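Examination of the molecular architecture
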Amino acid sequence: MLPLTPVVTLCIISYVIYKFILYPAFISPLSKIPNAHPSSPFSSLWILIKRFTHQENRTIHAAHVKHGDIVRLGPNEISVNCVDDGIRTIYSGGFEKWPWYDQFDNFGVPCMFSTAESKPHSYRRRVIANVYSKSYLQSSPEMHKISQTIIFSRLLPVLESAVTNQEPVEVLGLSHAIAMDFVTAFMFGLQNGSNFTQDVSARRQFLIPYQRRRSYFWSGELPSLKSIVKNFIPVIEPKYVQEATSYIENWTLTLTKAAEKSSTTKLSDEENVATTAPIVYNQVHQSTLKNPFPYPQELQIATELQDHLAAGHETSGITLCYLFHELSLHPELQTQLRKEFLTLSPTLDFPPSTSPPELPSPQSLDALPILQACLMETLRIHAAIPGPEPRITPSKPTSLAGSPPLPPGVRVSSQPYTLHRRADVFPDPQAWKPERWLEASEEQRAEMGRWFWAFGSGGRMCIGSNFAMQGTIPSLDV
Ligand code: HEM
Ligand SMILES: *[C@@H]1O[C@H](CO)[C@@H](O)[C@H](O)[C@H]1NC(C)=O
Ligand SMILES: *[C@@H]1O[C@H](CO)[C@@H](O)[C@H](O)[C@H]1NC(C)=O
Ligand SMILES: *[C@@H]1O[C@H](CO)[C@@H](O)[C@H](O)[C@H]1NC(C)=O
Ligand SMILES: *[C@@H]1O[C@H](CO)[C@@H](O)[C@H](O)[C@H]1NC(C)=O
């Protein structure tokens, strides 16, 4: 037996050297991809530390600037930032999601966004997408009433009073509030949606726990480690995060039950309280009727609605806030925008120029080039989701950005932060310049549209892009 031991030891050592050093660094198809860091072929520690310290987006961007459209981040992870052989293949080609998205389950139940596999995802999406289509939104009487109420009875009075009293406005909070009011009214009905634009204490009561519960690192990157150690190391999931989660889930569930009630009773407009049908609730409810999923129906509806209110208010609030910020730095654009708004009919005056107050049509807002350019430029340079959207390579070996065919199971992401900073497509990329969208030739504009990725692309593209933008978005889906 004895002489065998050195042989066995030698075999084990050789295997370890092959598997963890030779194969990843020299033989794996990923070895032909430039390394973002010298340790990338051997370990994910470097990128994990960047993630933990909130430097992921800019670190990946710097690696692309240095090495080109494709870089290797870890032994089994790459980042790709180009259109052809890049986002077109990965996202429009239907690569499934990396389980990083499990962290977006609510109530322990997956929603459309957090579902990794294409089949159960498209089952839900087919039914829900209808009410978020541009044609539905532009002709929906509910959407019309919601917009009228929020703009004339909530937002404009708040701004008017701030101006009259020379009081400052807390712009990020107000932006989140406007977005929450729109999204929740469309989901639960105007009578049961939030009124955060006006009710500042209710706004804080919701937004403070909402923002405290974020803990993307552990639940996204190391979920199994997290579930083992969170009981011993409380900082990984502090008690206040658990409490905030229960608070938000209860908040959603209460409104889901209220929407269920109004979907079965006839609504009437009582004393100034405008009511609308709970549009998204009804649609999501329908998507759970022929039910292939092993979760209680009410929780399937609630997890979906909580995801839409999260996806809808955070992103839109951040975007609006950056828009106000940039406009505050560019008074000449404020003047141009005001001039453009005065061409609307009716104009957006306060007090309203008509009684009852009437809004200009969504189509006429679509046709305002300066407004559209300001929004596109804000979404380009301040994309609300700037970082990686991880997918997994499929069973059929596929090459990306000039790489050799990649095996299945590789984590691959693209990120708006980098796609939106191509100097050959967006000259002077760091500058907020709405004029670039106005002065571009037809051809340049099409090229800018191909690289514009604030809402993602393909089958998992943002379902709420038309809701967020009542406007023309040039060729969003590549
Ligand atoms: C400026 C506003 C918005 C931005 C920048 C934005 C961005 C995005 C992006 C990039 C994705 C894809 C994410 C990924 O694959 O990792 C996404 C998905 C999604 N968004 Fe948005 N979004 C916005 C507004 C909204 C609104 C208003 C709603 C709902 C009312 C919404 C609901 C969703 C949903 C449900 C998904 C998942 C779609 C699916 O998995 O099929 N978003 N969004
Ligand atoms: C929902 O709206 C109805 C009708 O206005 C109201 O009676 C009910 O209390 C509301 N429920 C919640 C939870 O806001
Ligand atoms: C909520 O909004 C309505 C208009 O939709 C407004 O009249 C009312 O005063 C607001 N309520 C609170 C508590 O701010
Ligand atoms: C859930 O929310 C409702 C209404 O917002 C509240 O009355 C109730 O006390 C909450 N329940 C828990 C367990 O927090
Ligand atoms: C990086 O991107 C993610 C989303 O894609 C975002 O949540 C995060 O705040 C970004 N980090 C920084 C430091 O900007």
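Not measured: the values here are computed from a predicted model.

One donor from the polypeptide reaches the iron atom of ligand 1: C462 (SG), at 2.3 Å. Structurally, C462 can be placed in the loop between helix 20 (442-451) and helix 21 (465-468).

Here we take up the environment of A454. Along the chain, the position of A454 falls in the loop between helix 20 and helix 21. Remark: the alpha-carbon pair of A454 and A384, spanning 70 residues in sequence, is separated by 7.3 Å. Beyond its immediate sequence surroundings of up to four residues, A454 is in contact with L379 and H420.

Moving on: the nonpolar core. Among the nonpolar cores identified, the biggest contains 43 residues, and I78, V80, C374 and L400 are the most heavily contacted of them. Looking at this core, the elements that each hand over two or more residues are strand 2 (77-80), helix 4 (83-90), helix 14 (297-329), helix 15 (331-341), helix 17 (369-381) and helix 20. Filtering out sequence-adjacent residues up to four positions away, C374 remains in contact with L323, L327, L333, L337, W432 and P434. Judged by nonpolar contacts, the second largest core, of 39 residues, contains V131, Y210, Y281 and V284.

With that settled, the discussion passes to the UniProt feature "transmembrane region" (unreviewed entry) in the protein chain. Mapped onto this numbering, the UniProt entry gives "transmembrane region" (unreviewed entry) at residues 7-26. Measuring from the first to the last C-alpha atom of residues 7-26 gives 25 Å, for a span that is 100% helix and 0% strand.

On to the confidence of the model for the protein chain, then. On average, residues of the protein chain score 92 in pLDDT, and 96% of them reach the 70 mark or higher. Between residues 471-478, whose pLDDT stays under 50, and residues either more than four places distant or in other chains, the model counts 32 contacts.

Okay, the UniProt feature "binding site: heme" (unreviewed entry) in the protein chain next. In this numbering, the UniProt entry assigns the feature "binding site: heme" (unreviewed entry) to C462. C462 has contacts with R125 and F455, leaving out every residue within four places of it along the chain.

About the cut-offs
- Residues numbered from 1 in each chain as written.
- Chains lettered and ligands numbered in written order.
- Predicted model: local features only at pLDDT ≥ 70, side-chain atom pairs only at ≥ 80, totals over all residues.
- Heavy atoms only, no water.
- Donors = N, O, S within 2.8 Å, 3.2 Å for Na, K, Ca; no water.
- Helix = DSSP H or I, 4+ residues; strand = E, 2+ residues; numbered from the N terminus.
- Contact = heavy atoms within 4.5 Å.
- Core = buried A, V, L, I, M, F, W, Y, C linked by side-chain atoms within 4.5 Å.
- Buried < 20%, exposed > 50% of the residue type's maximum accessible area, 1.4 Å probe, protein only.
- UniProt positions renumbered as here; feature names shortened; annotations may be inferred.
- pLDDT = per-residue confidence, 0-100.

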